[in-house]
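Chain by chain, the residues run as shown.
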Amino acid sequence: MRPEDILVPTPSGVCCKIGGFHIDPTRPVERALITHAHSDHARAGHGAVLATPETLDLMRLRYGENFAGTTQAVGYGENVTFNGIRVTFHPAGHVLGSAQIAVEADGLRIVASGDYKNVADPTCTSFELVPCDVFITEATFALPVFRHGDPDGEIEKLLHSVALFPERAHLVGAYSLGKAQRVIALIRKVGYVAPIYLHGAMEKITSYYASRGVDLGELRLVRGATKQSLAGTITLCPPPALNDLWTRRFPEPLAAFASGWMRVRARARQNGVELPLVISDHADWDGLTATVAATGAGEIWVTHGQEDALVHWCATRGLKARPLDIVGYGDEDEPDSAGEDGDAT
Ligand SMILES: [Zn+2]
Ligand SMILES: [Zn+2]
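Residues numbered from 1 in each chain as written. Chains lettered and ligands numbered in written order. Predicted model: local features only at pLDDT ≥ 70, side-chain atom pairs only at ≥ 80, totals over all residues. Heavy atoms only, no water.

Student: Can you lay out the coordination of the zinc ion (ligand 2) for me, pointing to particular residues and giving the numbers?
Tutor: For the zinc ion (ligand 2), every protein donor is listed as His-41 (NE2), Asp-115 (OD), Asp-115 (OD) and His-304 (NE2), and the spread of their distances is 2.2 to 2.6 Å. The coordination sphere of the zinc ion (ligand 2) comprises four donor atoms, whose angles at the metal cover 53 to 124°; the geometry is irregular. Mapping the donors of the zinc ion (ligand 2) onto the primary sequence gives the spacing H-x73-D-x188-H. The distance between the zinc ion (ligand 2) and the zinc ion (ligand 1) is 4.0 Å, with Asp-115 acting as a donor to both metals. Separated by 189 residues along the polypeptide, Asp-115 in the loop between strand S10 (108-112) and strand S11 (134-139) and His-304 in strand S18 (residues 299-305) bring together distant segments of the chain. Accessibility classification places Asp-115 together with His-304 in one group, the buried group. (Donors = N, O, S within 2.8 Å, 3.2 Å for Na, K, Ca; no water. Tetrahedral: all angles 85-135°; square planar, octahedral: opposite > 155°, others 65-115°. Helix = DSSP H or I, 4+ residues; strand = E, 2+ residues; numbered from the N terminus. Buried < 20%, exposed > 50% of the residue type's maximum accessible area, 1.4 Å probe, protein only.)

Put into structure tokens, the structure is as follows:
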């Protein structure tokens, strides 16, 4: 068997014809295996959906109970077989419930990573290296300029600024699923115990994380707080809210932004960000190349992001590599990404 006999890349995602399923399809299909709940990977309207219990819960929170015809929860390490094709979910370390999906037949193993990071994160299970013959990798930050560094150092910067400007309100723009909860957990890890405020659009997902045992401390909604009471506090909000009339309810708001793109200063300036925080839920250049090498895969398929640089790097290492050109995967880490939760207060 060749890899293409097991998984065929199509413009709307990779498809396993023999097994009768797609992985993270961008159009409605009969049976979808979903790596994680970000909206470009997890869409509503499929016949059957298989995903980790957390991903299914998060999809329910976003799309409502009837987001798919049927659902099947698959835990990490559990096996499911479709017409002789064996499928296993493994932790991807990206957000709560995120999985890499291993597809095996005839002694050949292909791993579709979805989005991933090989860095510790207090809000989700750590990335698991799965040796394979073909590795399907993302490429969001696949340029040598992207080195995310230490997230704890970025949190220190934030807390230093809060201590320095007790009269101001610190607003931290962060993607609503994953990043916001990770930033809160990192703040708690260094012993900050004051209440942290939330934009209303983050309420549901953040409560879900807390219900899954992620320690987020005392959280309050901005809604209902007086302007003066918000001086010296930290508030998490979806990135677009930073440039919204919504910020007027805060005393002297200071805009921070947590994203891998904050490595690029021009991007921070463009978005009016005073305090850029380089914190990403995607692997950086070193993380991507180290992971690709460690899988032992001889063939690499590259999805969404900076495909060219990574394909070139693979070629210099003697690895077969190709971009997949799937249309419709976005980047939740983009400063100007609207975030699917919109501008609700
Ligand atoms: Zn993602
Ligand atoms: Zn993605």
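Next comes the rest of the account.
Student: Go over the packing of helix H7 (residues 285-294) against helix H8 (residues 307-316), please, and point to the residues and values.
Tutor: Running from N to C, H7 and H8 cross one another at 45°; their axes reach a closest spacing of 11 Å. Between H7 and H8, the crossing angle belongs to the class labelled oblique. H7 and H8 meet at a crossing whose hand is right-handed. Contact residues: Trp-285, Thr-289, Val-292 and Ala-293 in H7; Ala-309, Leu-310, Trp-313 and Cys-314 in H8. In the contact of H7 with H8, the residues fall into seven nonpolar, one polar and no charged. (Axes fitted to C-alpha atoms, helices over the stretch in contact; angles between N-to-C directions. Parallel < 35°, antiparallel > 145°, perpendicular 65-115°, else oblique. Left-handed = near helix turned anticlockwise from the far one by under 90°. Contact = heavy atoms within 4.5 Å. Nonpolar A, V, L, I, M, F, W, Y, C, P; charged D, E, K, R; others polar.)

Student: Can you break down the side chain of His-170 residue by residue, with the values?
Tutor: Looking at the element boundaries, His-170 is found in strand S12 (residues 170-173). Ignoring any residue separated from it by four or fewer positions in sequence, one finds His-170 in contact with Leu-158, Ser-161, Val-162, Phe-165, Thr-233, Ile-234, Thr-235, Leu-254 and Leu-275.

Student: Go over the environment of Val-214 with me, naming the residues and quoting the values.
Tutor: Turning to its location among the elements, Val-214 is positioned in the loop between helix H5 (203-211) and strand S14 (219-221). Classification of Val-214 by relative accessible area gives buried; the value is 9%.

Student: I'd like to hear about the packing of helix H3 (residues 151-164) against helix H4 (residues 179-189), residue by residue, with values.
Tutor: Between H3 and H4, whose axes approach to 10 Å, the crossing angle comes to 80°. In terms of axis orientation, H3 runs roughly perpendicular to H4. Between H3 and H4, the residues in contact are Pro-151, Asp-152, Ile-155, Leu-158 and Leu-159 and Arg-182, Val-183, Leu-186, Ile-187 and Lys-189, respectively.

Student: Which residues make up the sheet that holds strand S19 (residues 320-323), and what are the values?
Tutor: The strand order across the open sheet formed by seven strands is S7-S8-S9-S10-S11-S18-S19, and the pairing between neighbours is mixed. Taken across any chain shown, the strands that pair with only one partner, and hence form the sheet edges, are strand S7 (79-82) and S19. Each adjacent strand pair in this sheet contributes to an overall mean axis angle of 20°, direction not counted. The pairing of strand S8 (residues 85-91) with strand S9 (residues 99-105) spans six bridges and is antiparallel. Following the sheet pairing, Arg-86 is matched in S9 by Glu-104. (Pairing = 2+ DSSP bridges.)

Geometric descriptors of this kind do not, in isolation, establish any biological role.
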